[in-house]
Amino acid sequence: MGAGLGREHCRRCALPLSRQPNLKGHDRNVIQTFTFYLFATIVIASGALTILSRNPVHSVLWLILAFFNAAGLMLILGAEFIAMLLVIVYVGAVAVLFLFVVMMLDVDFAEMRAGFARYAGFGALMAVVLLAEMIFAVAAWNAGGVSVASKAAPVDPSVPNIEALGTVLFTRYLYIFEAAGLVLLVAMIGAIVLTHRTRSGLRPQNPSEQNRRRPEEATRNMNPGIGQGVEL
Amino acid sequence: MGYSLVLTLPEIILSASAIALLMVAAFAGDKAARLSTWLAVLAFIGAALVVPGVTGPGGIAFNGLFVADSFAAFAKILIYVAAAIAMLSAMSWFARDGVYRTEYPVLILLSSVGMGMMASAGDLITLYVGLELQSLAAYVLASFQRKDSRSAEAGLKYFVLGALASGILLYGVSLLYGFSGSTSFEGIAAAIATDGISTGELFGIVFVLAGLAFKVSAVPFHMWTPDVYEGAPTPVTAFFASAPKVAAMALLTRVTIEALGAATFEWRQIVIFMALASTILGGVAAIGQQNIKRLLAYSSINNVGFALIGLAAGTPEGVASVLFYMTVYVVMTLGTFFVVLRMRDEAGQPVETIVSLSGLSRTRPALAAAMAMFMFSIAGIPPLMGFWPKFYVFEAAVAANLTWLAAVGIATSVIGAFYYLRIIKVMYFDDPAPAFEARRDLVSSAVILAAALFVSPLGWFALEPLGTASLNAAGALF
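Reading guide: rules and limits
- Residues numbered from 1 in each chain as written.
- Chains lettered and ligands numbered in written order.
- Predicted model: local features only at pLDDT ≥ 70, side-chain atom pairs only at ≥ 80, totals over all residues.
- Heavy atoms only, no water.
- Helix = DSSP H or I, 4+ residues; strand = E, 2+ residues; numbered from the N terminus.
- Buried < 20%, exposed > 50% of the residue type's maximum accessible area, 1.4 Å probe, protein only.
- Contact = heavy atoms within 4.5 Å.
- Areas by Shrake-Rupley, 256 points an atom, 1.4 Å probe, with all protein chains shown as cover.
- Rg over C-alpha atoms; globule rule 2.2 N^0.38 Å.
- Buried area = accessible area lost by both parts, 1.4 Å probe.
- Salt bridge = Lys/Arg side-chain N within 4 Å of Asp/Glu carboxyl O.
- Polar contact = N/O pair within 3.5 Å; in protein donor to acceptor, adjacent residues only side chain to side chain.
- Phe/Tyr/Trp six-rings, centres within 6.5 Å; stacked < 30°, edge-to-face > 60°.
- Lys NZ or Arg CZ within 6 Å of the ring centre and 35° of its normal.
- Patch = residues over 30% accessible without salt bridge, like charges linked within 9 Å, V, L, I, M, F, W, Y side chains within 5 Å.
- pLDDT = per-residue confidence, 0-100.
- Expected span 1.5 Å × (residues − 1).
- Bend = angle between axes of the 7 residues up to and from the residue.
- Core = buried A, V, L, I, M, F, W, Y, C linked by side-chain atoms within 4.5 Å.
- Axes fitted to C-alpha atoms, helices over the stretch in contact; angles between N-to-C directions.
- Parallel < 35°, antiparallel > 145°, perpendicular 65-115°, else oblique.
- Left-handed = near helix turned anticlockwise from the far one by under 90°.
- Nonpolar A, V, L, I, M, F, W, Y, C, P; charged D, E, K, R; others polar.

Another aspect to go through is the overall build of chain A. A count of helical and extended segments in chain A gives 8 helices and 0 strands. The order of helices and strands in chain A, counted from the N terminus, is α-α-α-α-α-α-α-α. Among the 232 residues that make up chain A, the fraction classed as buried is 19%. Taking all contacts inside chain A whose residues are at least 6 apart in sequence as the whole, residues at least 24 apart take part in 50%. As presented, chain A carries roughly 17600 Å² of accessible surface, and 67% of it is formed by carbon and sulfur atoms.

Laid out in structure tokens, this is it:
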């Protein structure tokens, strides 16, 4: 187990050399950098297209792409479990659910276009404001050094992701874990309170009553005369 | 670990009884609704009683995720008492309109667990999970009367806007974490104190404060308040206006003082803006309201603004004045809502217009007197209790060299006084409207009487102990 941290680390990427089996340290770093920018660009582009595309179905498709690329970013960070989680939970469940909801929506495309001219001025204003903010943010970022990378949580490469997460989840974050359970409980109660209703006039199955039933109660022996019907 | 669990005893009591009551709900159904409400009140009393014992010496549990200090204790006792009283108002109300279901006390209990978590949050993650636990239960409660389309609309509106606010808050949390390298309040405070505040942290503070401002319904994040207060069933509105406000205010105070104490200059500007905008908008917008619940919504916005003036001071006295303000505010608000809950016409239908209060002094003199007292008190007219919290808040602001803020606050409280006095004028000087239905309700009468006694000059006896307790609680943050 804890053998990983003691080894020599690459100076630029802070990764132990043992994790760079085939490439010399910095070649790997270049590839990492390249993939990071690739994934990051596509995340941002597809995020933008999610809100820009007029067709809601396309929006959801762009969203799925964004989730996939976010998962890729997580992989680069060495958080493979979170990457898989993103794919399974967000792409597999949430996005598909979105897709179903969107397809059930009665989208009126003509009306969608009608509002464009009316809101164009306002939208443009918002865009200008946001653009200005972004320019300021970039300028500020250039001025005051941002040092996120040096503060990233240390990862012990010899411990698998799931194990590391599980360890903190059930020790350091036990309290939060339990509270999250309560949140889910509230969600469940809420769903029941808001949707459950008791219907009258139903004939639900009652197995214990069915099992208690004896042939004597359920059948009657009749002996009708010839040519006469049975009266029940 | 065992010691940590002991510190969270109030939360454990509440969540365990919520789960036990859920079992009652599952097997006994809605027949047991009244019984489980009273059992939930017992749970609240139990939790409130163990709070001082548990948190007396103060302690940190679960590696700093949970802080049990006298500040948390003060807020929790207030939250639990307010939630229990607000819950009591629901029994007879729902019994007559719609169905009173056993899940109601369960949801209030779980919501209060979340509020307790908020009050003792020592970490951004605890902050978020507590806030979500409280809010999620609140969304369900808002649409509890699901056959009423207004209630359903209120729930949906609250949910969508609340989710947006949570998103903003989470974004701020991620920025704060990313730039300071820690999610714990202590860690953030240390990072800001050593490195100074970075642009990223500044953005984080803005987003976190925006998210929390939504929860306390401070302007400019107040838009949901009138609609949700009007649409939600009245007992639920009474709950919204009391306990969650205290919890969110306690959380806001803890975040600003404990985590961002080194950045006081930065957050103070935001808090001052929110305070001024809330007092002014809450005062002006309430003038034209016809519906008493909408009016009380604007009143709550207005009051939150005054409490924020105390927070803007950023001193122990300021924090103490916030706690004191919230205590008196909760009493006045609950009293007022219990009077509003009594407003039913002869056919037993609830009425919500201010006009229907006309001439109440002749048809129901005692009720009118109580309501007049609450209104005078919220307006801050001196002999009544409501004067003192405003006084302390302004005093704290002046002591922190924010004299101009206090002056503007006093001016806006005059605007606010206008619509409170208008209600008194309607009740005492207008021609009587059709009388309200006369009906005995012992619990409600007792609550109204107790609240009226508290806001009357008799409440001055409470000034001394409350003041000491709030100063003691505020001291825990510095």
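Helix and strand counts for chain B come out as 20 helices and 2 strands. The C-alpha atoms of chain B give 21 Å as radius of gyration, which agrees with the globular expectation for 478 residues (23 Å, within 12%). Within the span of chain B, comprising 478 residues, buried residues form 63% of the whole. A separation threshold of at least 6 residues defines the contact pool for chain B, and within that pool the share at least 24 residues apart is 82%.

It is worth spelling out the interface of chain A and chain B at this point. In this complex, chain A contributes 25 residues to the contact, which on the side of chain B involves 33 residues. Taken over both partners, the interface formed by chain A and chain B buries close to 2600 Å², and the fraction arising from carbon and sulfur atoms is 75%. At the boundary of chain A and chain B, one finds 0 salt bridges. Counting across the chain A and chain B interface gives 4 residue pairs in polar contact (both at pLDDT 80 or more).

Another point: the packing of aromatic side chains. A ring pair, where both rings are aromatic, is described by two values, the distance of the centres and the angle of the planes. Residues and elements named next belong to chain B. What the rule picks out here adds up to 29 aromatic pairs over all chains. What links up through ring pairs into an aromatic cluster is the set Tyr-139, Tyr-158, Phe-159, Phe-214, Trp-224, Tyr-229, Phe-239 and Phe-240. The ring of Phe-306 is capped by Lys-390, whose NZ or CZ atom sits 4.7 Å from the centre of that ring.

Attention now goes to a nonpolar patch on the surface. All names here are of chain A. Together, Phe-34, Leu-38, Ile-42, Leu-49, Ile-51, Leu-52, Trp-62 and Leu-65 make up an exposed nonpolar region whose accessible area comes to about 750 Å². Among the elements of the structure, α1 (25-52) and α2 (56-77) are those that each provide at least two residues to the nonpolar patch. Among the elements that line the nonpolar patch, the one with the most residues is α1, at 6 residues. Looking at where Leu-65 falls in the secondary structure, it is placed in helix α2.

As a further point, take the confidence of the model for chain B. Per-residue confidence for chain B averages 90 on the pLDDT scale, and 99% of its residues sit at or above 70. Overall fold confidence (pTM) sits at 0.84, and the ipTM for the predicted complex is 0.91.

The periodicity of an α-helix, 3.6 residues per turn, causes residues three or four places apart in sequence to face the same way. Residue and element names in this part refer to chain A. Over its 25 residues, helix α3 (residues 80-104) runs 34 Å from end to end, which matches the ideal 36 Å to within 8%, given 1.5 Å per residue. The largest bend along α3 reaches roughly 30 degrees and is located at Tyr-90. Buried within α3 we find Ala-83, Leu-86, Val-91, Ala-95, Leu-99 and Val-102. Check the buried side of α3 and you find it contacts α2.

To continue, consider the confidence of the model for chain A. Caution applies to low-pLDDT regions: their predicted coordinates should not be interpreted in detail. All names here are of chain A. On average, residues of chain A carry a pLDDT of 73, and 66% of them reach 70 or more. Per-element averaging of pLDDT across chain A places helix α4 (residues 109-143) at the bottom with 63 and helix α6 (residues 174-195) at the top with 92. Of the regions scoring below 50 in pLDDT, residues 1-26 engages in 40 contacts with residues more than four places distant in sequence or in other chains. Across residues 143-152, where pLDDT falls below 50, the model places 7 contacts with residues more than four positions away in sequence or in other chains.

In this section: the pattern of salt bridges. Residues and elements named next belong to chain B. Summed over all chains, the structure comprises 12 salt bridges over all chains. Between Lys-76 and Glu-11 there is a salt bridge, and its shortest N-O distance comes to 3.1 Å. On the criterion of sequence distance, the pair formed by Lys-76 in helix α4 (residues 70-96) and Glu-11 in helix α2 (residues 9-28) is long-range, its members being 65 residues apart. Glu-11 sits in the buried class, given a relative accessible area of 4%. For Asp-227, the salt bridge is made with Arg-294, and the minimal N-O distance between the two is 3.1 Å. Placement of Asp-227 in helix α10 (residues 224-231) and of Arg-294 in helix α13 (residues 292-313) is noted, with a sequence separation of 67 residues between them. Overall, Asp-227 belongs to the partly exposed group, its relative accessible area being 25%.

The next subject is the side chain of His-222 of chain B. Inspection of the secondary structure assignment puts His-222 of chain B in the loop between α9 (199-216) and α10. Every residue in contact with His-222 of chain B, bar those within four places of it in the chain, is listed here: Ser-217, Leu-281 and Ile-301 of chain B.

Further remarks concern the nonpolar core. Grouped together as the largest cluster of nonpolar side chains are 189 residues, with contacts concentrated most on Tyr-104, Phe-240 and Leu-308 of chain B. In this structure, Ile-64, Phe-67, Val-91 and Ala-95 of chain A belong to the second largest nonpolar core, which totals 8 residues.

Moving on to the environment of Glu-163 of chain A. Its place among the elements puts Glu-163 of chain A in helix α5 (residues 161-170). For Glu-163 of chain A, a relative accessible area of 38% gives the class partly exposed.

What follows covers the packing of helix α17 (residues 387-399) of chain B against helix α18 (residues 403-429) of chain B. Helix-helix packing: each pair is described by the crossing angle between the helix axes and the interaxial distance. All names here are of chain B. Where α17 contacts α18, the two axes come as close as 7 Å, and the packing angle between them is 155 degrees. When the interaxial angle is binned, α17 and α18 end up roughly antiparallel. For the element pair α17 and α18, the recorded crossing hand is left-handed. Between α17 and α18, the residues in contact are Lys-390, Phe-394, Ala-397 and Val-398 and Thr-403, Ala-406, Gly-409, Ile-410 and Ser-413, respectively. Residue composition of the contact of α17 with α18, grouped by class: 5 nonpolar, 3 polar and 1 charged.

Residues and elements named next belong to chain B. Going from Val-219 to Pro-220, the amide bond is cis rather than trans, its omega being 5 degrees. Here Pro-220 is to be found in the loop between α9 and α10. You will see that Ser-217, though not glycine, has its phi angle at about 55 degrees, which is positive. Tracing the chain through its elements places Ser-217 in the loop between α9 and α10.

All names here are of chain B. Given a rise of 1.5 Å per residue, 19 residues ought to cover 27 Å, and the 26 Å separating the end C-alpha atoms of helix α6 (residues 124-142) matches this to within 8%. Within α6, 17 of the 19 residues are buried, which leaves the element mostly enclosed by the surrounding structure. At the N-terminal end of α6, a side-chain oxygen is found 2.9 Å from the backbone nitrogen of Ile-125, two or three residues along, and the residue is Asp-123.

Take the packing of α2 of chain B against helix α3 (residues 33-55) of chain B next. Residues and elements named next belong to chain B. Close contact between α2 and α3 brings their axes to 8 Å; oriented N to C, the two are set at 165 degrees. In terms of orientation, α2 lies roughly antiparallel with respect to α3. Taken as a pair, α2 and α3 cross one another with a handedness that is right-handed. Mapping the contact onto sequence places Leu-9, Pro-10, Ile-13, Leu-14, Ser-17 and Leu-21 in α2 and Ser-36, Leu-39, Ala-40, Ala-43, Phe-44, Gly-46, Ala-47, Val-50, Val-51 and Val-54 in α3. Of the residues contributing to the contact of α2 with α3, the split by class is 13 nonpolar, 3 polar and no charged.

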